[in-house]
Amino acid sequence: MATVKVLITLKPGVLDAPGQAIRQGLRALGYEVEEVRVGKYLEIVVPERAAGEAVANAASAEADEMCARFLANPLIETWQIAALPGGVGSEPPA
Amino acid sequence: MATVKVLITLKPGVLDAPGQAIRQGLRALGYEVEEVRVGKYLEIVVPERAAGEAVANAASAEADEMCARFLANPLIETWQIAALPGGVGSEPPA
Amino acid sequence: MTAPVRLHDGVRLSDALPAEVNLTAEEYRAICASLGRAPNEVERHCFEVMWSEHCAYKHSREILRRLPTAGARVLQGPGENAGVVDLGEGWAVVWKMESHNHPSAVDPYHGAATGVGGIIRDVLAMGARPIALLDSLRFGPLDDVRARRLLHGVVGGIAGYGNSIGIPTVGGEVAVDPAYRENPLVNVACLGLVRSDRIARGRADPPGAVLLYAGARTGRDGIGGAAFASDALDAETEPSDRAAVQIGDPFAGKCLVEATLEALGTGHVLGLQDMGAGGLTCAAAEMAARSGRGVVINLDRVPCRESGMTSREILLSESQERMLLVAAAEHVEVLASIFRRWGLVADVVGRVTEDGRFQVQAGGASVADLPAALLTHAPSRRVVPVPPSTDGVEASRARPPLRDPTRMLLRLLATPEVCGKQPIFEQYDHMVQVRTVVRPGFGAAVLRLPESPPRGLALTVDGNGRWCAVDPYGGAAASVLEAAANLACVGAEPLAVTDCLNFASPEVPEVFWTFVRAVDGIAAACRALDVPVVGGNVSFYNEGPGGSILPTPVVAMVGLIPDVRGAPPPAAEGDGLILLGAPEAALGGSLYAREAWGNHGGALFAVDFPAAARTLACVREAVRRGVIALAHDVSDGGLAVALAECCLALGSGADILLPAAERTDAALFGEGGTRIVCAVPRARLPDVRALALEHDVPLAVLGTLGGRLLQIHGIVLGLDQIRRAWMRLGSVI
Amino acid sequence: MIWGVVTFPGSNCDRDCVHVLRDVLAQDVREVWHEHRSLAGLDAVVLPGGFSYGDYLRAGAIAATAPVMVGVREAAHRGAVILGICNGFQILTEAGLLPGTLLPNRHFRFICRDVWVRVETTRTPFTRGLRVGDLLRMPIAHAEGRYMVPAEVRAQLEHQAQVVFRYVDARGRAVPSANPNGAVRAIAGVCNAQGNVVGLMPHPERCAESLMGSTDGRRLFESVAASVLTAMAGV
Ligand SMILES: Nc1ncnc2c1ncn2[C@@H]1O[C@H](COP(=O)(O)OP(=O)(O)O)[C@@H](O)[C@H]1O
Ligand SMILES: [Mg+2]
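All residue numbers here refer to positions counted from 1 along the written sequence of the relevant chain. Chain letters and ligand numbers both follow the written order, the letters beginning at A and the numbers at 1. Side-chain atom pairs in this predicted model are given and counted only at pLDDT of 80 or more, local residue features only at pLDDT of at least 70, and totals for whole chains, interfaces and linings cover all residues. As a rule here, side-chain values cover all heavy atoms of the structure and leave hydrogens and water aside.

Visitor: Is there a simple way to explain the sheet that holds strand E15 (residues 445–448) of chain C in this structure?
Guide: By way of backbone hydrogen bonds, the strands of a sheet pair with one another, either parallel or antiparallel. Residue and element names in this part refer to chain C. By definition, two strands form a pair when at least two bridges between them are found by DSSP. Here a helix means four or more residues in a row that DSSP labels H or I, a strand means two or more in a row labelled E, and each is numbered from the N terminus. Strands sit in the order E14-E15-E16-E21-E17-E18 across an open sheet of six strands; the sheet is mixed. Of all the strands in the sheet, the pair left with one neighbour each is strand E14 (436–438) and strand E18 (533–539). Adjacent strand axes in the sheet meet at a mean angle of 25°, parallel and antiparallel pairs treated alike. Here eight bridges tie strand E16 (residues 456–463) to strand E21 (residues 552–561), and the two strands are oriented antiparallel to one another. Directly across from Thr-460, in E21, lies its bridge partner Met-557. Note on geometry: axes are lines fitted to C-alpha atoms, helical ones only across the stretch in contact, with angles between N-to-C directions running from 0 to 180 degrees.

Written out as structure tokens, the structure is:
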């Protein structure tokens with residue numbers, strides 16, 4: 001098992017409506033906030049198909065493809081990937 | 001200006017409906033995926049009110065309070081914070 | 001839609017969750033006596049949940065018997081998952097309201113969302129397709145940022161769930177009071193439609209049939225939720241565990257609705273119930289007890305989301321989007337495959353027995369073995385009701401005279417109760433299912449019934465904590481009359497009521513008294529109008545460290561319209577504005593008293609049922625005959641506010657001359673019995689007069705429609721000024 | 001002609017579309033489950049509104065991976081008429097059958113209300129029976145309807161008459177206050193280069209009967225019926 005962590009963020013210049021709504025909420029609570037940008041964070045647990053170092057590399061490469069094809073919208077988003085061996089902190093569902 | 005990066009994730013065991021649906025999508029595309037967990041990632045730009053190290057500490061402390069009060073629900077979510085001087089666009093937290 | 005930002009507000013959980021035994025010594029003794037032994041730990045937890053106020057109605061059961069629940073059209077009254085009323089022509093409506101107050105205080109988004117999900121599945125459990133939702137909301141005053149965040153989160157949660165699951169939210173109401181600051185009220189009603197020969201029931205029968213679990217997997221969420229709903233909110237204690245927060249998945253909810261309806265369509269479903277409060281335990285025990293049967297459940301077969309869940313957790317989890325079905329063994333595969341096709345889990349988890357026992361097995365051993373009927377029949381708790389002393393009311397009688405009626409009208413128009421709710425209902429999909437003939441925004445909503453054209457249904461929800469604080473009997477009765485007035489204004493005849501009774505701790509004799517009086521008021525009004533109460537919900541312990549909520553019975557009413565095609569005649573310059581109904585009004589409990597004096601302002605107007613019934617019949621007939629252009633009931637803010645709202649609705653000013661009155665404030669802003677303002681084309685006035693005469697209803701001509709100004713008794717306001725004040729909610733949420 | 005209306009898990013306007021086509025317009029309609037790979041024999045396919053797969057990740061993204069999209073793609077290539085309404089529009093952009101993308105509304109809220117749109121081209125089967133400049137009053141109900149497309153592509157869309165509908169006020173002017181979600185250039189609907197695949201955010205099925213307040217939506221469906229019949233007659 002390997003866990004890949006994926007961070008998807010909006011490209012600069014794309015209006016971030018959720019970010020603006022959160023900024024407004026924070027300001028209403030009295031916080032001074034210049035800007036808020038919102039991204040998505042995913043932890044993906046994939047089966048291990050290689051050993052050691054190679055696990056992480058293989059998983060990363062696959063995750064990159066997932067992002068390009070599905071997880072991100074390349075028109076508006078960019079992504080970063082980090083792969084770690086092992087599952088996520090919780091137990092997987094049956 | 002300082003940028004705080006906040007990563008909010010569900011506590012283990014809390015229902016992650018988006019994660020389940022995304023796993024289904026990945027499987028439909030032919031990927032072998034055990035589990036997907038979804039979190040929120042925020043970059044919050046706050047004005048600088050201290051210098052050097054202290055900036056980051058002050059910003060982190062404030063972000064922690066924002067999470068507890070507004071950005072997250074402490075009953076079901078946990079969060080991690082990393083503060084960096086400067087605006088958005090730098091590296092995410094590990 | 002991605003999940004909107006959830007606005008958490010840091011309310012703390014109660015510490016009264018069952019760390020120790022959540023039963024009284026007396027209850028525990030009763031259990032031991034009945035069993036002839038002490039319950040084991042798992043059994044005790046089941047009792048704690050099943051005998052909680054939320055599940056067992058310990059304080060309210062006896063009193064609720066006073067409500068009229070029978071009627072020629074009633075196919076199912078209280079006692080099942082929801083009430084059912086016959087529409088004729090082979091169709092029936094299912095009608096039920098539920099509160100989700102405490103969960104919404106702790107997590108407004110998920111609390112409200114799961115409230116919507118829960119009431120939808122209660123309606124689904126009767127075999128009906130859910131076709132509409134209504135929401136009745138109460139918060140602290142909205143100048144407080146915390147109240148605004150609660151409102152924002154609650155509306156977001158209702159929208160998030162209701163929109164996604166594809167059931168239109170077609171109406172509701174909003175009220176504020178400092179008494180709701182720590183304990184907001186979130187009541188949601190759901191209407192369903194079912195063929196009258198296809199009504200499902202929550203029964204486990206016959207012996208030998210199997211229990212089919214269907215929907216989402218069971219996780220550790222919401223364990224003890226029912227007990228939580230039965231405790232007062234306490235701000236002092238630390239956030240307890242996540243167990244008290246349930247998270248809904250409207251996507252799974254939508255699939256569950258479609259799969260369940262498809263399963264019902266096979267004709268093989270013998271019994272059906274939602275796993276809501278009390279989870280699997282409550283669903284199985286209630287189904288068994290209703291049919292005098294027993295059940296055996298094998299916990300090893302329950303689909304779990306997490307590994308290592310204990311028996312107690314599996315039995316009492318309140319994970320959302322789960323149903324329990326009863327079917328003959330030979331039909332189970334057909335049913336299960338339907339759920340699986342919708343991406344849901346479906347597994348046999350037990351079977352029906354003859355012996356009336358609730359038996360649970362895990363890992364090959366018995367973990368619980370109890371009489372099902374004992375679980376579902378907690379002993380009643382009796383409290384002697386004591387009327388509260390009236391000292392407080394006397395002391396609050398500072399009532400300076402009205403100085404500036406124009407400013408007061410603007411102020412009232414901008415209150416959350418009166419102002420335009422567009423910023424709320426535009427966040428709700430109120431059109432999906434293409435039935436919504438009259439959309440939210442002005443009185444009752446109207447849905448068409450393409451199943452039985454040209455008929456339609458009208459829906460409304462009304463409650464008034466201020467009135468009930470002054471007089472719980474009169475206030476509750478007047479809420480029923482107001483709901484009926486809203487229906488009459490669209491030509492609908494009341495079919496059925498469902499109610500949510502929101503009160504503080506029933507263990508306090510004065511609170512209990514207000515509860516009893518409110519039930520009596522609803523009962524009297526429903527008898528007078530001949531409308532049955534087919535179901536509802538009691539929510540006690542609505543209080544925080546700062547005090548108790550106002551006594552708040554909320555009434556949702558559904559009515560039948562014989563023909564929804566008839567459009568009213570268009571309104572025009574020179575149309576008459578008239579008032580039908582008793583002209584008297586009082587300031588006790590009025591919005592004006594709150595805004596002008598900051599108190600409840602003395603005694604409530606006296607309700608007059610026969611007069612109200614006559615007025616309603618007259619208005620209904622006038623609307624159906626198409627002799628009036630617009631009908632609007634006078635409620636919050638009195639006559640002046642109702643007239644201003646008519647002006648907004650018609651886009652016209654009006655020139656009004658009120659009959660001479662003792663007090664200007666009461667004449668303009670007093671709230672009273674059933675009164676309806678109507679805009680009547682000149683040529684139709686004689687018809688309306690004749691109808692009023694026939695029904696013995698007082699009719700007063702108030703003035704005429706026209707121009708761009710509203711003028712009443714020294715009030716002069718442009719339409720734009722009125723609109724600006726009334727549109728205030730947009731700047732708040 | 002034969003219509004298909006696709007049901008994805010989470011679709012919630014599928015029944016409404018079937019109702020309008022079958023009961024109001026007396027069309028021959030097939031209900032298509034998302035697992036069907038082939039749409040052979042269908043002349044027109046509707047991807048209805050709703051929240052397919054909960055709209056988790058991005059609206060329409062997961063539905064775009066469903067088996068039925070293979071059939072939708074084939075149908076589009078053979079020239080069948082495809083309409084994506086609201087969530088269906090989102091699915092078509094996610095599947096790459098229409099240009100651009102639909103982002104969360106500018107004010108990050110779900111909006112349900114009537115809007116006006118102006119017909120910008122009559123080259124699609126849905127607008128062939130209308131005139132450029134016609135104003136239609138239709139309801140919207142969405143949280144992610146802010147149309148966005150890179151500037152180069154946008155210029156191309158405008159140039160090739162691929163913008164089908166634009167949000168306007170009651171007098172037909174594309175003023176900012178008439179744009180409910182912040183869509184670029186007030187775009188409410190677009191088509192592919194061939195014109196046979198159309199997506200729009202408003203719900204024509206909700207305004208196809210006079211009892212529902214407007215029959216403007218009905219004109220889109222009638223236009224298709226007419227143009228497909230013409231095409232069939234021409235073959
Ligand atoms: N929370 C809400 N959700 C949806 N619609 C609402 C809500 N609150 C008010 N409305 C709608 O706004 C209109 C005005 O509300 P209200 O003043 O309470 O009406 P009335 O007094 O006529 O019952 C009604 O159509 C009502 O259904
Ligand atoms: Mg009202």
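Visitor: Is there a simple way to think about the interface of chain D and chain B in this case?
Guide: Interface size, as often reported, equals the accessible area lost upon joining of the parts. Contacts are assigned to residue pairs that have any heavy atoms within 4.5 Å of one another. On the chain B side, the residues contacting the five residues of chain D number eight residues. Throughout, buried area stands for the accessible area (probe radius 1.4 Å) lost by two parts on being put together, summed over both. Note on chain D versus chain B: buried area summed over both sides is about 560 Å², and carbon and sulfur give 81% of it. Among the residues chain D hides against chain B, the three largest losses belong to Tyr-56, Ile-62 and Thr-65 of chain D. Together they make up 72% of the total. Within this document, salt bridges are pairs made up of a side-chain nitrogen of Lys or Arg and a carboxyl oxygen of Asp or Glu, the two lying within 4 Å of each other. For the pair chain D and chain B, the interface holds zero salt bridges. Pairing of N or O atoms within 3.5 Å defines a polar contact, subject to two protein rules: one partner must be a possible hydrogen donor and the other a possible acceptor, and residues neighboring in sequence count only if both atoms are side-chain atoms. Counting across the interface, chain D meets chain B through zero residue pairs in polar contact (both at pLDDT 80 or more). Tallied by class, residues from the side of chain D that touches chain B come to four nonpolar, one polar and no charged. In this count, Pro and Cys sit with the nonpolar residues alongside Ala, Val, Leu, Ile, Met, Phe, Trp and Tyr, while Asp, Glu, Lys and Arg are called charged and the others, Gly among them, polar.

Visitor: Would you take a moment to explain the site of ligand 1 for this structure?
Guide: Residue and element names in this part refer to chain C. Working definition: residue near molecule or strand if any one of its non-hydrogen atoms lies within 4 Å of it. Near ligand 1 lie 19 residues; those nearest to it are Asp-135, Gly-172, Gly-441, Gly-443 and Asn-486. Within the side chain of Asn-486, one N or O atom sits 3.1 Å away from an oxygen atom of ligand 1. A total of 550 Å² of accessible area belongs to ligand 1 in isolation, and the protein chains cover 93% of it. Breaking the shell around ligand 1 down by element, the ones donating at least two residues are strand E4 (129–139), strand E5 (169–176), helix H16 (422–425) and helix H18 (472–488). Exposure was quantified through the Shrake-Rupley algorithm and a 1.4 Å probe, taking into account, for residues, occlusion by the shown protein chains and nothing else.

Visitor: Any chance you could explain helix H19 (residues 509–529) of chain C here in plain terms?
Guide: Residues lying three or four places apart along an α-helix face the same way, a consequence of the helix completing one turn every 3.6 residues. Over its 21 residues, H19 of chain C extends 30 Å from the first C-alpha to the last, a length consistent with the 30 Å expected when each residue adds 1.5 Å. Downstream of H19 of chain C by one or two residues, Asp-530 of chain C has phi in the positive range, about 60°. Given the number of residues in a helix, its expected span is that number minus one, multiplied by 1.5 Å.

Visitor: Mind showing me how you'd approach the interface of chain A and chain B here?
Guide: In this assembly, 35 residues from chain A lie in contact with 36 residues from chain B. For the pair chain A and chain B, the summed buried area comes to about 3200 Å², and 66% of that belongs to carbon and sulfur atoms. On the surface where chain A and chain B come into contact, there are zero salt bridges. The interface formed by chain A and chain B contains 12 residue pairs in polar contact (both at pLDDT 80 or more). For the side of chain A that touches chain B, the elements supplying multiple residues, two or more each, are strand E1 (2–10), helix H1 (17–28), strand E2 (35–46) and helix H2 (53–71) of chain A. Examining the composition of the side of chain A that touches chain B, we find that 12 residues originate from one element, E2 of chain A, more than from any other. Among the residues forming the side of chain A that touches chain B, the class breakdown is 21 nonpolar, five polar and nine charged.

Visitor: Any chance you could explain the pairing of E21 of chain C here in plain terms?
Guide: Two faces, one strand: in a regular strand the side chains alternate between the faces of the sheet. Residue and element names in this part refer to chain C. Of all 10 residues in E21, 10 are buried; the element is thus mostly enclosed. Burial classes follow relative accessibility: with a 1.4 Å probe on protein chains only, a residue under 20% of its type's maximum area counts as buried, one over 50% as exposed, and anything between as partly exposed. Across the two faces of E21 the burial is the same, with Thr-552, Val-554, Ala-556, Val-558 and Leu-560 and Pro-553, Val-555, Met-557, Gly-559 and Ile-561 all buried. Summarising the sheet, strand E17 (residues 493–502) and E21 pair through nine bridges and their orientation is antiparallel. Along E21, the bridge assignment pairs Glu-493 with Leu-560.

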